[in-house]
Amino acid sequence: MNSLVPITMAEIILREGTEYTHILPENHNSFLYMLAGEMEFGESKTKIAKTGAATLSFNEGGSESNQSELKIKAKTRSKVLIYSGVPIREEIAFGGPFVMNTAEEIQEAFRDLQLGVFGPPAVKE
């Protein structure tokens, strides 16, 4: 199955004191979420600990084939998720567990959930 929009997803686990350079396409909008531990990111050595999150800057006029480097150093044994993708330039609305494009779509998702028609059936009969 192919994604409609080019994306990358990485789970990085490092031991205390370990350094790693993560490569991302320079035109990707990216964010990270810390699952465990504490790490330093980038040239600024920004510290982020468990349950912390951050967005990463990107070159919107850049190319998918050009790469940017994110330097990472684990302060403790750590695990981080890093997601990136080409910006899709769509409106974002969120409510509860749902992320859609409009408030009306959020309301529709809640109605579908309450009626039991949201997504595929959990059990096929």
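A. Quick peek at the overall build of the chain. Helix and strand counts for the chain stand at one helix and 10 strands. The linear arrangement of helices and strands in the chain, starting from the amino end, is β-β-β-β-β-β-β-β-β-β-α. When the backbone C-alpha atoms are referred to their principal axes, the chain occupies close to 50 × 35 × 30 Å. Sorting the 125 residues of the chain into buried and exposed places 26% on the buried side. Put simply, of all contacts in the chain between residues at least 6 apart along the chain, 68% involve residues at least 24 apart. Surface exposure of the chain reaches about 9000 Å², of which carbon and sulfur atoms provide 53%. Each charge sign in the chain was given a centre, from 12 positive and 17 negative side chains, and these centres are 12 Å apart.

B. The packing of aromatic side chains, seen in detail. In this structure the tally under the stated criterion is two aromatic pairs. For the ring pair F31 and Y83, a centre distance of 5.1 Å and an interplane angle of 20 degrees mean the geometry is stacked. Of this pair, F31 sits in strand β3 (residues 29-36) while Y83 sits in strand β8 (residues 78-85); the two residues are 52 residues apart in sequence, bridging distant segments of the chain. The class for F31 is partly exposed, based on a relative accessible area of 40%. Judged by its relative accessible area of 28%, Y83 is partly exposed.

C. Highlighting the pairing of β8. Where burial is concerned, most of β8 is hidden: six out of the eight residues are buried. Bridge count between β3 and β8: seven bridges; the pairing is antiparallel. Note that in β8 the partner of N29 across the bridge is G85.

D. Molecular detail of the sheet that holds strand β7 (residues 67-74). Pairing within the open sheet is antiparallel, and its four strands lie in the order β2-β7-β4-β5. With one partner strand each, in any of the chains shown, β2 (19-25) and β5 (46-49) form the two edges of the open sheet. Averaged over all pairs of adjacent strands, the angle between their axes in this sheet comes to 30 degrees, without regard to strand direction. As defined by bridge partners, strand β4 (residues 38-41) adjoins β7 across three bridges and the pair is classed as antiparallel. Within β7, the residue paired with F41 across the bridge is I72.

Calculation rules
- Residues numbered from 1 in each chain as written.
- Predicted model: local features only at pLDDT ≥ 70, side-chain atom pairs only at ≥ 80, totals over all residues.
- Heavy atoms only, no water.
- Helix = DSSP H or I, 4+ residues; strand = E, 2+ residues; numbered from the N terminus.
- Buried < 20%, exposed > 50% of the residue type's maximum accessible area, 1.4 Å probe, protein only.
- Contact = heavy atoms within 4.5 Å.
- Areas by Shrake-Rupley, 256 points an atom, 1.4 Å probe, with all protein chains shown as cover.
- Lys, Arg positive; Asp, Glu negative; His and termini not counted.
- Charge placed at Lys NZ, Arg CZ, Asp CG, Glu CD.
- Phe/Tyr/Trp six-rings, centres within 6.5 Å; stacked < 30°, edge-to-face > 60°.
- Pairing = 2+ DSSP bridges.
- Axes fitted to C-alpha atoms, helices over the stretch in contact; angles between N-to-C directions.

Taken by themselves, the reported measurements are silent on function.
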